[in-house]
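# Structural overview for review
Residues per chain are reported as follows:
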Amino acid sequence: MSKEKIHGALPDPSEKELTVKTMFDRIAPRYDIMNRLITFGLDVIWRRKTVEELKPTPGGRILDVACGTGDLCRTLRAAETKPIGLDLSRGMLASFNSKAPLINGDALKMPFMDSSLDGVTCGFALRNFTDIRPFLQEVSRILKSGSRLAILEVDKPKNVFIRLGHSLYFNKVVPVIGKIFSDKEAYQYLPRSTVYLPSENELIEMIKTEGFSDVRKMKLTGGIAQLLIARKEN
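This text gives an overview of the structure that appears in the document. (Residues numbered from 1 in each chain as written. Predicted model: local features only at pLDDT ≥ 70, side-chain atom pairs only at ≥ 80, totals over all residues. Heavy atoms only, no water.)

## So, the overall build of the protein chain
Per the secondary structure count, the protein chain includes 10 helices and 7 strands. A compact globule built from 234 residues would reach a C-alpha radius of gyration of about 17 Å, and the protein chain, at 17 Å, matches this within 12%. With respect to the principal axes defined by its C-alpha atoms, the protein chain has extents near 45 × 40 × 35 Å. Of the contacts formed within the protein chain by residues at least 6 apart in sequence, a portion of 66% connects residues at least 24 apart. Taking the 36 positively charged and 28 negatively charged side chains of the protein chain as two groups, their mean positions are separated by 4 Å. (Helix = DSSP H or I, 4+ residues; strand = E, 2+ residues; numbered from the N terminus. Rg over C-alpha atoms; globule rule 2.2 N^0.38 Å. Contact = heavy atoms within 4.5 Å. Lys, Arg positive; Asp, Glu negative; His and termini not counted. Charge placed at Lys NZ, Arg CZ, Asp CG, Glu CD.)

Quick look at the structure:
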């Protein structure tokens, strides 16, 4: 898929998987430094909060879906769990910086037995899936009863001033930073990709429908990011 495809309109559903995979392969070598730059290091705090709210049991097997270069896996290891990383992008896995075992695979077809894992995390990837519901169905299938799912994702602040400032930064400044340090087209796509996210109520209802309870949303840093926590029903 050409860079022009990303630079222009968002990819069609039939092209999205290949477009996103190719993009992440390309930006993988500088992905970590870009995360730190564009979030001013807040992404590290958000990931720690994600693991804290997951409440993992030491020694538990936790799958990090769309693990990227391994930031969440490192945080999970620090919590004395046994993380496993799964990502569709071979480029991301080649730049992986954790000691967790890795799987190059599809989040919609995960190679795990039913009720076999103690938790699942997913950071900043929900909007890149071709379909969110099959992902939630897979997570529900592989999680043990009573275990938790933690989804970390970007969000739109409700405060009008924060929202306007964040929109200006995310849509205008971030692509410039991407051009200097990584890939301008990719960092133009990433802000625009928020249109793929369902509304808050739709997403919470979707999670409940796929076998989860106690679903709650936490707003992070004034609402520029969100953390969704849910428990797999019995």
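Read on for the rest.
## Focus: helix α5 (residues 71-78)
Every buried residue of α5 is accounted for by Asp 71, Leu 72, Cys 73, Thr 75 and Leu 76. Buried-residue contacts for α5 involve α3 (31-39), α4 (42-54), β1 (61-65), β2 (82-87) and β4 (117-123). (Buried < 20%, exposed > 50% of the residue type's maximum accessible area, 1.4 Å probe, protein only.)

## A closer look at the packing of aromatic side chains
Counted according to the given criterion, the structure contains 4 aromatic pairs. For the ring pair Trp 46 and Phe 124, a centre distance of 6.1 Å and an interplane angle of 50 degrees mean the geometry is tilted. Residue Trp 46 is found in helix α4, and its partner Phe 124 is found in the loop between β4 and α7 (132-142); the two are separated by 78 residues along the sequence. Look at Trp 46 and you get buried, because its relative accessible area is 7%. The lysine or arginine in question, Lys 16, covers the ring of Tyr 196, its NZ or CZ lying 3.3 Å from the ring centre. (Phe/Tyr/Trp six-rings, centres within 6.5 Å; stacked < 30°, edge-to-face > 60°. Lys NZ or Arg CZ within 6 Å of the ring centre and 35° of its normal.)

## Topic: the nonpolar core
Leu 63, Val 65, Phe 135 and Tyr 187 are the most contacted members of the largest nonpolar core, which totals 63 residues. The biggest single contributor to this core is strand β5 (residues 143-154), with 6 residues. Ignoring anything within four residues of it in the chain, the contact list for Tyr 187 reads Ile 27, Tyr 31, Met 34, Ile 38, Val 174, Pro 175, Gly 178 and Ser 182. Counting 5 residues, the second largest nonpolar core, distinct from the first, contains Cys 67, Cys 73, Leu 93 and Ala 100. (Core = buried A, V, L, I, M, F, W, Y, C linked by side-chain atoms within 4.5 Å.)

## Digging into the environment of Leu 203
In this fold, Leu 203 is placed in helix α10 (residues 200-209). On the accessibility criterion, Leu 203 (4% relative accessible area) is buried. Leu 203 sits 126 residues away from Arg 77 along the chain, and the two C-alpha atoms are 29 Å apart. Residue contacts for Leu 203: discarding those within four places in its chain leaves Leu 126, Ile 132, Pro 198 and Leu 228.

## What about the pairing of strand β7 (residues 225-232)?
Among the 8 residues of β7, 7 are classified as buried, and the element is accordingly described as predominantly covered. In terms of strand pairing, β5 meets β7 through 7 bridges, oriented antiparallel. Note on β7: the bridge partner recorded for Arg 148 is Arg 231. Bridge count between strand β6 (residues 212-220) and β7: 7 bridges; the pairing is antiparallel. The residue bridging Arg 216 from the neighbouring strand is Ile 229, located in β7. (Pairing = 2+ DSSP bridges.)

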